[in-house]
Amino acid sequence: MVALSILDLVRIREGGDAGTAINHARDLAAHAENWGYTRFWVAEHHNAAGIASAATSIVIGHIAEGTKHIRVGAGGIMLPNHAPYIIAEQFGTLASLYPGRIDLGLGRAPGTDQMTLRALRRAPESADSFPRDVVELQHYLAPAQPGQRLRAIPGAGTEVPLWILGSSLFGAQLAAQLGLPYAFASHFAPGQLLEALEIYRHRFTPSDQCAKPYAMAGVNIIAAETDAEAKRLATTQQMSFTNLVRGRRNLSLPPIDDIESYWNPVEKVQVGQMMARTIIGSPETVRAGLARFVAETGVEEVMIVSDIFDHRLRLRSYEIIASVADSTVPDLAFSTATP
């Protein structure tokens with residue numbers, strides 16, 4: 001059984017604005033819970049013209065308010081940008097408003113550039129304390145102990161589930177050591193995916209939150225009625241990655257007929273490496289690609305990323321993905337289980 005979930009980049013489209021992007025994310029989440037998706041995450045990015053989820057906990061609250069039962073959370077919060085105590089209060093508040101529905105994925109990357117790091121008041125060495133900060137945050141979300149003078153209110157006793165996120169081997173080692181579920185960012189950094197999963201499973205130590213390893217991996221999926229249509233829609237995401245290679249975080253662009261006219265040969269190779277874990281095509285193509293990915297990785301959950309310019313077509317893409325992962329398919333049984 002494999003669970004399917006969504007990581008939404010809350011992309012601001014050319015001709016659109018942040019409010020529209022955030023409301024589109026909420027609308028997608030409402031549809032996704034009807035289609036059987038397990039969770040809906042948004043991520044912390046700063047100073048990115050095309051991404052509207054910088055105030056991550058506020059966006060999560062807006063999405064949770066517009067849905068009924070799907071899990072909503074951060075994929076993730078870049079913990080070195082914040083005091084663990086503040087994050088405990090924010091997610092403790094969310095968990096108090098939407099009990100049993102909030103996830104907290106944690107990463108140590110900055111989620112931005114060096115200039116913005118200074119604006120965030122993030123110290124250069126802050127990433128080094130990431131493991132200690134995770135444990136401290138865990139402490140604030142645990143039930144308060146007798147005589148405990150410093151408590152997160154709300155927060156204490158909510159036991160918001162923590163996840164460790166990563167795109168290298170470090171996160172796999174930490175998640176295994178702490179006995180937490182692990183999410184690998186193979187939707188943009190797939191190089192060490194299989195090695196990271198092996199390390200995580202081999203070194204995993206059971207904890208109160210997780211009795212056994214639970215791994216999730218990100219995959220870019222663009223689905224449409226035909227392979228040709230999906231390939232055209234995918235040019236939006238390919239242009240976004242190309243702009244990232246160029247050091248730009250532009251607005252999401254409409255699809256084009258010929259992606260070769262947008263990137264140069266070097267950029268094409270770089271984007272190809274970043275998007276190596278990408279499935280583009282018709283329902284049959286997507287089903288086969290998902291089945292191969294799950295068989296190769298053995299992950300318990302797939303986190304789907306889809307940058308499609310037209311909101312209506314993006315909804316249709318996620319609907320197709322859910323339909324091909326129906327529980328009647330023996331090699332890709334669709335589960336809503338959580339760790």
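Everything below is about the structure shown above.
Small disclaimer: the values here were computed from a predicted structure and weren't measured.

## A short note on the overall build of the chain
And then number 1: If you tally the helices and strands in the chain, you get 12 helices and 10 strands.
And then number 2: Its C-alpha radius of gyration of 19 Å places the chain within 12% of the 20 Å reference for a compact globule of 339 residues.
And then number 3: In terms of principal-axis extent, the alpha carbons of the chain reach across some 65 × 50 × 40 Å.
And then number 4: Here the chain holds 339 residues, and the buried ones make up 54% of them.
And then number 5: In the chain, the share of contacts with a sequence separation of at least 24, taken over all contacts with a separation of at least 6, comes to 73%.
And then number 6: For the chain, the computed accessible surface area is about 14500 Å², with 54% contributed by carbon and sulfur atoms.

## Details of the pattern of salt bridges
And then number 1: Under the defined criterion, the tally for this structure stands at 12 salt bridges.
And then number 2: Asp 307 is the salt-bridge partner of Arg 13, the closest N and O atoms lying 3.5 Å from each other. Separated by 294 residues along the polypeptide, Arg 13 in the loop between β1 (2–8) and α1 (18–35) and Asp 307 in the loop between β9 (301–305) and α12 (311–324) bring together distant segments of the chain. Neither Arg 13 nor Asp 307 differs from the other in exposure class; each is buried.
And then number 3: Notably, a salt bridge pairs Arg 39 with Asp 103, separated by 2.7 Å at the nearest N-O pair. You can see Arg 39 sitting in strand β2 (residues 39–42) and its partner Asp 103 sitting in strand β4 (residues 102–107), a full 64 residues away along the chain. An identical accessibility class is assigned to Arg 39 and Asp 103; each is buried.
And then number 4: Look at the salt bridges and you will find they share partners, linking Arg 39, Arg 71, Asp 103 and Glu 301 into a network.

## Here we look at helix α11 (residues 283–297)
And then number 1: With 15 residues, α11 extends 21 Å between its outermost C-alpha atoms, agreeing within 8% with the 21 Å of an ideal straight helix rising 1.5 Å per residue.
And then number 2: Where α11 is buried, its residues meet β1, α7 (193–203), β7 (215–223), β8 (278–281), β9 and α12.
And then number 3: Looking at the residues trailing α11, positive phi occurs at Gly 298, about 70°.

## Regarding the packing of aromatic side chains
And then number 1: Scanning the model with the defined rule gives 7 aromatic pairs in all.
And then number 2: On the basis of an interplanar angle of 85° and a centroid distance of 6.0 Å, the ring pair of Tyr 37 and Tyr 318 is categorised as edge-to-face. Here the residue Tyr 37 occupies a position in the loop between α1 and β2, and Tyr 318 occupies one in helix α12, the gap between them amounting to 281 residues. Across the pair, Tyr 318 and Tyr 37 agree in class, each one buried.
And then number 3: With 5.3 Å between their ring centres and 40° between their planes, Tyr 182 and Tyr 200 make a pair best called tilted. Of this pair, Tyr 182 sits in strand β6 (residues 182–184) while Tyr 200 is found in helix α7, placing the two residues 18 residues apart along the sequence. For the pair Tyr 182 and Tyr 200, one class covers both residues: buried.
And then number 4: Put simply, the rings of Tyr 182, Phe 184, Tyr 200 and Phe 204 pair up and form one aromatic cluster.

## As for the layout of surface pockets
And then number 1: Taken as a whole, the largest pocket encloses approximately 1000 Å³ of empty space.
And then number 2: Per-element accounting of the lining of the largest pocket gives the leading share, 5 residues, to helix α9 (residues 235–245).
And then number 3: Split by residue class, the lining of the largest pocket holds 22 nonpolar, 18 polar and 6 charged.
And then number 4: Looking at the lining of the second largest pocket element by element, the count peaks at 3 residues for helix α5 (residues 130–141).
And then number 5: In the lining of the second largest pocket, the residues fall into 6 nonpolar, 4 polar and 2 charged.

## Focus: the side chain of Arg 101
And then number 1: Relative to the helices and strands, Arg 101 resides in the loop between α3 (84–97) and β4.
And then number 2: Within the buried core, Arg 101 has no salt-bridge partner, and the shortest N-O distance to an opposite charge, that of Glu 33, equals 4.7 Å.
And then number 3: Polar contacts involving the side chain of Arg 101 include one to the main-chain carbonyl oxygen of Ala 64, which spans 3.2 Å.

## Topic: α9
And then number 1: Across the 11 residues that make up α9, a large majority, 9, are buried.
And then number 2: Every buried residue of α9 is accounted for by Thr 235, Thr 236, Gln 237, Gln 238, Met 239, Ser 240, Phe 241, Thr 242 and Asn 243.
And then number 3: Among the structural elements, β7, α8 (227–233), α10 (265–274) and β9 are those in contact with the buried residues of α9.
And then number 4: Just downstream of α9, Gly 247 is the residue with a positive phi angle, here 80°.

## Here we look at empty space enclosed by the protein
And then number 1: Following the criterion strictly, the structure yields 1 cavity of 30 Å³ or more and no others.
And then number 2: Of the pockets and cavities examined, the largest cavity occupies roughly 40 Å³.
And then number 3: In this structure, the largest cavity is lined by Asp 8, Leu 9, Arg 11, Arg 13, Val 305, Ser 306, Asp 307 and Arg 314.
And then number 4: In the lining of the largest cavity, the residues fall into 2 nonpolar, 1 polar and 5 charged.

## Quick look at the side chain of Thr 236
And then number 1: With respect to the helices and strands, the residue Thr 236 is situated in helix α9.
And then number 2: Thr 236 has contacts with Ser 252, Leu 253, Pro 254, Pro 255, Asp 307 and Phe 309, leaving out every residue within four places of it along the chain.

Scoring rules and cut-offs
- Residues numbered from 1 in each chain as written.
- Predicted model: local features only at pLDDT ≥ 70, side-chain atom pairs only at ≥ 80, totals over all residues.
- Heavy atoms only, no water.
- Helix = DSSP H or I, 4+ residues; strand = E, 2+ residues; numbered from the N terminus.
- Rg over C-alpha atoms; globule rule 2.2 N^0.38 Å.
- Buried < 20%, exposed > 50% of the residue type's maximum accessible area, 1.4 Å probe, protein only.
- Contact = heavy atoms within 4.5 Å.
- Areas by Shrake-Rupley, 256 points an atom, 1.4 Å probe, with all protein chains shown as cover.
- Salt bridge = Lys/Arg side-chain N within 4 Å of Asp/Glu carboxyl O.
- Expected span 1.5 Å × (residues − 1).
- Phe/Tyr/Trp six-rings, centres within 6.5 Å; stacked < 30°, edge-to-face > 60°.
- 1 Å grid on protein atoms, 1.4 Å probe; cavity = no way out; pocket = protein on both sides within 12 Å on 5 of 7 lines; lining within 4 Å.
- Points joined across faces, edges and corners; volume = space filled by probe spheres on them.
- Nonpolar A, V, L, I, M, F, W, Y, C, P; charged D, E, K, R; others polar.
- Lys, Arg positive; Asp, Glu negative; His and termini not counted.
- Polar contact = N/O pair within 3.5 Å; in protein donor to acceptor, adjacent residues only side chain to side chain.

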